[in-house]
Amino acid sequence: MGLPVDRITINGGKPLRGRIELKGAKNLVTKAMVAAILGDTPSVLKDVPNISDVQIVRGLLEVHGVTVTEGIEPGELVLDPSAVETAHMADIDAHAGSSRIPILFCGPLLHRLGEAFIPDLGGCRIGDRPIDFHLEVLRNFGAIVEKLPSGIRMSAPTGLHGAKVSLPYPSVGATEQVLLTAVLADGITELSNAAIEPEIMDLINILQKMGAIITVDTDRVIRIEGVDKLDGYTHRALFDRNEAASWAAAALATEGDIFVGGARQAEMLTFLNVFRKVGGDFEIEDDGIRFFHPGGELKPVIIETDVHPGFMTDWQQPLVVALTKAKGVSIVHETVYEQRFGFVDALVEMGASIEVHKECLGGRPCRFGQRNFKHSAVISGPSQLHGADIEVPDLRGGFSHLIAALTAEGRSTVSNVGIIARGYENFITKLELLGADFALEG
């Protein structure tokens, strides 16, 4: 957001030191914005980051007749859904870009309008994110789904009703779809094997504020009793733990010291344990967490990504850069997205010793083990990275490339950095605050 160019040149080898502040989590605020459609009165969402994904959702809301205005405090949005209307497919497509958010509009729009349209969906190319399961869930609620050459049309001529849904995998997106659809559906919905990430729980908090009745059991079962109406909400979004982990990895990789304002211990418990095992250190304060390299050698670790409360997939990419500095062999087994190691090619070009394998290494067998996907990485270190020309492939991989360039000896040019602005607010300004040596190009 606000990037004058899409390429930066970085002179690496300088520790990052200083303080940066977080706003709300990308993976929560965009869904909270969609939830506003369900209310009969305006909603107020606070701590909204100025990132391109938020602007995409804002545009999608506005083409559907939702009025979105700036609130009293910085990062506050007021969302008024009183004039919701059907949008043209071309308008949706123009605003959606590469975002997969439109699929989550379907349940709320079916409730409000009785119909919904979505174009073909994009997103980061990190693995299979099929929408077929979303469509099947909507069918279970009573939606009629028509696949058209330009996209998908859905209708609910007799309304939506509660359903019994069992997820084959605790997908965050599918859980969000069920929640946003079930709260106004007639009857009770039971969702088994649900995702329970902090962002999911915060979305449930928002829906409960609006008048929803939602029960979360300890066995990943969520029960939603449909209600007749919902009101708007006022809510301060959960902090972005994925951005916090990214800056923590940057502190470790550059031998720096970064205070991440707004970060909280509870939501980062698993990350903090691994960070300490690698050799990093941290201090928990009331207003954030200080992440720093205490000196000495970094240690190799074995990591297996998993759904919450496991080690999050969005944490592994930035941390892999720091693991190139560890003495010994680290293993990262990716079990959430099957194609999330494409970013390591650039690291290898910069001098890292990383091999990617099809086998499930370092942990239990996962659902990708027999599907010919390269989903395990072996990182041997320590390696001294050197400058290179890099093109950002996706959001988290792109931030990892930034960290690599900041760590490397010499000069690197990182292009396509606009992708990073999808999920990292004002990251250029934050690099300045932390003392990075870089210049915008173009």
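Residues numbered from 1 in each chain as written. Predicted model: local features only at pLDDT ≥ 70, side-chain atom pairs only at ≥ 80, totals over all residues. Heavy atoms only, no water.

**A word on the overall build of the protein chain**
- Of regular secondary structure, the protein chain possesses 13 helices and 23 strands.
- Here the protein chain has a C-alpha radius of gyration of 22 Å; the compact-globule value for 442 residues is 22 Å, and the two agree.
- Judged by the C-alpha coordinates and their principal axes, the protein chain covers about 65 × 50 × 45 Å.
- Classification of the 442 residues of the protein chain by burial places 57% in the buried group.
- Partitioning the intrachain contacts of the protein chain with sequence separation of at least 6 by distance along the chain shows that 74% fall at a separation of at least 24.
- Here the protein chain has roughly 16900 Å² of accessible surface; of this, 48% comes from carbon and sulfur atoms.
- Charge centroids of the protein chain, computed over 40 positive and 58 negative side chains, lie 3 Å from each other. (Helix = DSSP H or I, 4+ residues; strand = E, 2+ residues; numbered from the N terminus. Rg over C-alpha atoms; globule rule 2.2 N^0.38 Å. Buried < 20%, exposed > 50% of the residue type's maximum accessible area, 1.4 Å probe, protein only. Contact = heavy atoms within 4.5 Å. Areas by Shrake-Rupley, 256 points an atom, 1.4 Å probe, with all protein chains shown as cover. Lys, Arg positive; Asp, Glu negative; His and termini not counted. Charge placed at Lys NZ, Arg CZ, Asp CG, Glu CD.)

**A few points about unusual backbone geometry**
- The step from H308 to P309 runs through a cis peptide bond, and the omega angle for that step is 15°.
- With respect to the secondary-structure elements, P309 resides in the loop between β17 (302-304) and α10 (313-323).
- Of note, the bond from G381 into P382 is cis; its omega dihedral lies within 30 degrees of zero at 5°.
- As for its position among the elements, P382 is in the loop between β20 (376-381) and β21 (389-391).
- Of note in this structure, N193 is not a glycine but carries a positive phi near 60°.
- Along the chain, N193 falls in the loop between β10 (188-192) and α7 (198-210).
- One non-glycine residue, E255, lies in positive phi territory at about 60°.
- Within the fold, E255 resides in the loop between α8 (241-253) and β14 (257-261).

**A short note on the packing of aromatic side chains**
- Across all of its chains, the model carries 10 aromatic pairs by this definition.
- Ring geometry for F275 against F291: centres 5.4 Å apart, planes inclined by 80°, an arrangement best described as edge-to-face. Here F291 lies in strand β16 (residues 288-292) and F275 lies in helix α9 (residues 269-278), a separation of 16 residues in the sequence. Pair check on accessibility: F275 and F291 agree, each one buried. (Phe/Tyr/Trp six-rings, centres within 6.5 Å; stacked < 30°, edge-to-face > 60°.)

**Notes on the sheet that holds β20**
- Taken in spatial order, the four strands of this open sheet run β17-β18-β20-β19, and their pairing is mixed. Here the strands that pair on one side only, and so sit at the sheet edges, are β17 and β19 (353-357). The sheet shows a mean angle of 15° between the axes of neighbouring strands, taken without regard to direction.
- Direction of pairing for β17 relative to strand β18 (residues 328-333): parallel, over a ladder of three bridges. What sits directly across from I302, in β18, is I331. (Pairing = 2+ DSSP bridges. Axes fitted to C-alpha atoms, helices over the stretch in contact; angles between N-to-C directions.)

**Topic: the nonpolar core**
- The biggest cluster of nonpolar side chains holds 76 residues, and the ones touching the most others in it are L79 and L207.
- Here L79 is in contact with M33, A36, P42, S43, L45, L61, V66, T67, V68 and Y233, once residues within four sequence places are set aside.
- In this structure, A244, I258, F275 and I354 belong to the second largest nonpolar core, which totals 74 residues. (Core = buried A, V, L, I, M, F, W, Y, C linked by side-chain atoms within 4.5 Å.)

**Focus: α7**
- Over its 13 residues, α7 runs 19 Å from end to end, which matches the ideal 18 Å to within 8%, given 1.5 Å per residue.
- Those residues of α7 that sit buried are P198, E199, I200, D202, L203, I204, I206, L207 and M210.
- Next to the buried residues of α7 lie α1 (26-35), α6 (172-182), β11 (213-216), β12 (222-225), β13 (234-236) and α8.
- Backbone geometry just downstream of α7 places G211 in the positive-phi region, at approximately 120°. (Expected span 1.5 Å × (residues − 1).)

**Observations concerning the layout of surface pockets**
- Estimates place the volume of the second largest pocket at around 220 Å³.
- Looking at the second largest pocket, it is lined by 15 residues, and the ones nearest its centre are A253, T254, E255, K325 and T407.
- Residue classes in the lining of the second largest pocket are distributed as five nonpolar, six polar and four charged. (1 Å grid on protein atoms, 1.4 Å probe; cavity = no way out; pocket = protein on both sides within 12 Å on 5 of 7 lines; lining within 4 Å. Points joined across faces, edges and corners; volume = space filled by probe spheres on them. Nonpolar A, V, L, I, M, F, W, Y, C, P; charged D, E, K, R; others polar.)

**Description of the side chain of K325**
- Among the secondary structure elements, K325 is positioned in the loop between α10 and β18.
- One buried charged residue, K325, forms no salt bridge at all, with the nearest opposite charge on E255 at 6.2 Å.
- Excluding residues within four positions of it along the chain, K325 makes contact with A253, L298, P382, S383, Q384, L385 and T407. (Salt bridge = Lys/Arg side-chain N within 4 Å of Asp/Glu carboxyl O.)

**Regarding the pattern of salt bridges**
- Counted according to the given criterion, the structure contains 29 salt bridges.
- In this structure, R153 and E115 form a salt bridge, with 3.1 Å as the shortest nitrogen-oxygen distance. Placement of the pair is R153 in strand β8 (residues 151-155) and E115 in strand β6 (residues 115-119), with a sequence separation of 38 residues.
- The class for R153 is partly exposed, based on a relative accessible area of 24%.
- Linking E283 and R290 is a salt bridge whose minimum nitrogen-to-oxygen distance equals 3.1 Å.
- For R290, a relative accessible area of 24% corresponds to the partly exposed category.
- Salt bridges here are not isolated pairs; linked through shared partners, they connect K164, E190, D217 and R223.

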